[in-house]
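Structure assessment
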Amino acid sequence: MAQEAMEAGGWPPAHMLIPKKDKDGVWRLTKIRHRTYNGNYVRTSGAGRTQKECRDDWKKRFEVNRHKGSAHSTSTKRREFEPSDKMSTVFDAFITAQERKCEAGKIASQTLVSYRQSIYPVEGGSPDSIKLMRELGNLTIAEVGKPKFLADYLEDIADASPGYAARHHLILTVVFKMLTLAGLFDFSPMAPVPQPGVRGGGQRALTADERDALYDLLLAASPRTKYLRPLTLTLLGTGIRPGEALALRWMDIDGLDDPEVVRATAYVCGTLVSRGGATFRQPRRKCGNSYYLTLPTWLTTVLRAWKADVKPSSAELPVFESLRGGLLSPRTAETTLKRAREGSALEWVKFGNMRDTVATHVTGVSGDPKCASAQLGHSEGASLAMRHYIDSAGYRHPAVDNADALELLAPSKVTPK
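Figured I'd write up the structure that's included with this text.

Moving on: the packing of aromatic side chains. Under the counting rule described, the total for this entry stands at 7 aromatic pairs. Here Trp58 and Phe62 contribute two aromatic rings whose centre-to-centre distance is 4.9 Å and whose plane-to-plane angle is 15°, an arrangement assigned as stacked. Placement of the pair is Trp58 and Phe62 together in helix H1 (residues 51–65), with a separation of 4 residues, close to one helical turn. Like Phe62, Trp58 is buried. Taking the centre distance of 5.2 Å and the plane angle of 65° together, the rings of Phe94 and Tyr115 count as edge-to-face. Taken together, the positions of Phe94 in helix H2 (residues 87–103) and Tyr115 in helix H3 (residues 109–119) put the pair 21 residues apart, joining distant regions of the chain.

Right, here's the structure in full:
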């Protein structure tokens, strides 16, 4: 009769590990069969004056034997969890792992802050804020670790706050990958769960009529927030992220001071982040390397007029300043846009729609999605730098140039002149 296959590197059944006392008074476990990590079958023996000594001796030899012929080891590298453990324990372990990554420079400190803010309630904060620890912390891994439960939870959160839902989806994906690698699941229960927001809704490209209607709203916006029009048009004419646009300094846009330059060039090299209630410029993009962009003629005209209006005293000042003359936080800019579109047919529009519009339009005109990837600063389109740009210091840089396609995105009331 064939013997039942044993787990590679696993322990033999408990009934085989019962020592027997021989006539000489020594307790022994003799040639207990098991498998090494690389799948070979071996036998291990142990002996001692007591049952405990015998088991300890056998375990010591067992550890040596199950590693024979293999460098593989799984016993000490990953934290062990049980299905009955609460998710609060898992979230704490997740944050501890991210702290180690942050110390090693594998993730940015702002990313760690974002994880903490999404998981833990803030002392003195709103009791209604959506936090993973508050929503799932008292449930067990077994209760949460089901695709249907996770999908229903994220859909409910998305109805209340799409932004929270997207962050929770990201964290839960990493958390359940950790639990899957720890052996609790064969496949992550987050694998089939769709990302919130991919079903459509507000994140879509604007039509020509909608771009014209949006421009009318921008013209009617409060004079105290006159930055909103050039900021929104910059997003519409480049496809860069709001934080990247707000991080632009006058020194990053070359050609505005020379009226002979028809198309200026922007250097996208930073982003704005918020931490502890303060906003600061991070000298790198959120994702991807810094790159140069050729601006369409109409956007060059808009930014040239904006510079003449604000009369910056230094090239190091941000292109879009707050009312107090400092950095303009992305949240403040989003709030300003929200007020401008309230009560209109474009109440659904967000800054993200500008990026979607650019991606859709450049792909449609060029017929090549990689051209849109290059425009948005994605690495897969990095080789599509279609021209070279020589800066004021005489250095030659590759610059992404989809300006011909982007000329067509100008609202009808915005002319190149």
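The subject of this paragraph is the side chain of Glu244. Mapped onto the elements of the fold, Glu244 is located in helix H10 (residues 242–246). Under the relative-accessibility criterion, Glu244 is labelled buried at 1%. Excluding anything up to four places from it in sequence, Glu244 contacts Val268, Gly270, Thr271, Arg285 and Lys286.

A separate point is the environment of Ser344. Its place among the elements puts Ser344 in the loop between helix H12 (330–341) and helix H13 (352–366). Taking the C-alpha atoms as reference points, Ser344 and Gly25, 319 residues apart in sequence, are found 92 Å from one another.

Right, let's talk about the packing of helix H8 (residues 208–219) against helix H9 (residues 228–238) for a bit. At a minimum axis distance of 9 Å, the contact between H8 and H9 shows a crossing angle of 155°. Taken together, the axes of H8 and H9 are roughly antiparallel relative to one another. Here H8 and H9 pass one another in a crossing that is right-handed. Mapping the contact onto sequence places Arg211, Leu214, Tyr215, Leu218 and Leu219 in H8 and Leu228, Arg229, Thr232, Leu233 and Leu236 in H9.

The next thing to look at is H12. An α-helix turns once per 3.6 residues; consequently, residues spaced three or four apart project the same way. With 12 residues, H12 extends 17 Å from end C-alpha to end C-alpha; this agrees with the ideal 16 Å at 1.5 Å per step. Within H12 the residues assigned to the buried category are Ala333, Thr336, Leu337, Ala340 and Arg341. Viewed along the axis of H12, the buried residues span an arc of 125°, placing them on a single side of the element. Pointing more than 90 degrees away from the buried face of H12 are the exposed residues Arg331 and Arg339. Packing partners of the buried residues in H12 comprise H8, H9 and H10. Immediately downstream of H12, the backbone of Gly343 shows phi near 80°, a positive value.

This brings us to the pattern of salt bridges. Scanning all chains against the criterion turns up 17 salt bridges. As a salt-bridge pair, Lys148 and Asp152 come within 2.8 Å of each other at their nearest N and O atoms. Pair noted here: Lys148 and Asp152 are both in helix H6 (residues 147–160), with a separation of 4 residues, about one helical turn. Exposure remark for Lys148: the relative accessible area of 62% places this residue in the exposed category. Its relative accessible area of 34% is what places Asp152 among the partly exposed residues. Where Asp252 meets Arg249, a salt bridge forms, and the shortest distance between an N and an O atom there is 3.0 Å. Given the relative accessible area of 21%, Arg249 is considered partly exposed. When salt bridges that share partners are traced, they join Asp22, Asp24 and Arg28 into one network.

Our focus in this paragraph is the pairing of strand E2 (residues 27–35). Two elements, strand E1 (residues 20–21) and E2, share 2 bridges in a ladder whose sense is antiparallel. The residue of E2 that forms the bridge with Lys20 is Arg28. Hairpin geometry of E1 and E2 is characterised by an intervening segment of 5 residues between the two adjacent antiparallel strands and by a positive phi of about 85° at Gly25. As paired elements, E2 and strand E3 (residues 41–48) share 7 bridges and run antiparallel to each other. Opposite Arg33, over in E3, you have Arg43 as the bridge partner.

What follows deals with the pairing of strand E8 (residues 291–294). Residues of E8 alternate between two faces, with Tyr291 and Leu293 on one and Tyr292 and Thr294 on the opposite face, all of them buried. Looking at chain direction, strand E5 (residues 265–268) and E8 are connected through 4 bridges and run antiparallel. The residue bridging Thr265 from the neighbouring strand is Thr294, located in E8. Pairing of E8 with strand E10 (residues 396–400), which is carried by 2 bridges, proceeds in the parallel orientation. For Tyr292, the partnering residue across the bridge sits in E10 and is Ala399.

Turning next to the nonpolar core. Leu228, Leu231, Leu233, Ile240, Ile253, Trp298 and Phe320 are the most contacted members of the largest nonpolar core, which totals 45 residues. Among the secondary structure elements, those contributing two or more residues to this core are H8, H9, H10, E5, E8, helix H11 (297–310) and H12. Beyond its immediate stretch of four places on either side in the chain, Ile240 contacts Leu235, Ala245, Leu248, Val268, Tyr291, Leu293 and Arg355. Judged by nonpolar contacts, the second largest core, of 32 residues, contains Val90, Phe91, Phe94 and Ile130.

We note that Lys31 has phi near 45°; this positive angle belongs to a residue other than glycine. Relative to the helices and strands, Lys31 resides in strand E2. By relative accessible area, Lys31 is classed as exposed at 56%. A positive phi angle, near 50°, is found at Lys311, a position not held by glycine. Relative to the assigned elements, Lys311 resides in the loop between H11 and H12.

Rules behind the numbers
Residues numbered from 1 in each chain as written. Predicted model: local features only at pLDDT ≥ 70, side-chain atom pairs only at ≥ 80, totals over all residues. Heavy atoms only, no water. Phe/Tyr/Trp six-rings, centres within 6.5 Å; stacked < 30°, edge-to-face > 60°. Helix = DSSP H or I, 4+ residues; strand = E, 2+ residues; numbered from the N terminus. Buried < 20%, exposed > 50% of the residue type's maximum accessible area, 1.4 Å probe, protein only. Contact = heavy atoms within 4.5 Å. Axes fitted to C-alpha atoms, helices over the stretch in contact; angles between N-to-C directions. Parallel < 35°, antiparallel > 145°, perpendicular 65-115°, else oblique. Left-handed = near helix turned anticlockwise from the far one by under 90°. Expected span 1.5 Å × (residues − 1). Arc of directions from axis to C-beta. Salt bridge = Lys/Arg side-chain N within 4 Å of Asp/Glu carboxyl O. Pairing = 2+ DSSP bridges. Core = buried A, V, L, I, M, F, W, Y, C linked by side-chain atoms within 4.5 Å.

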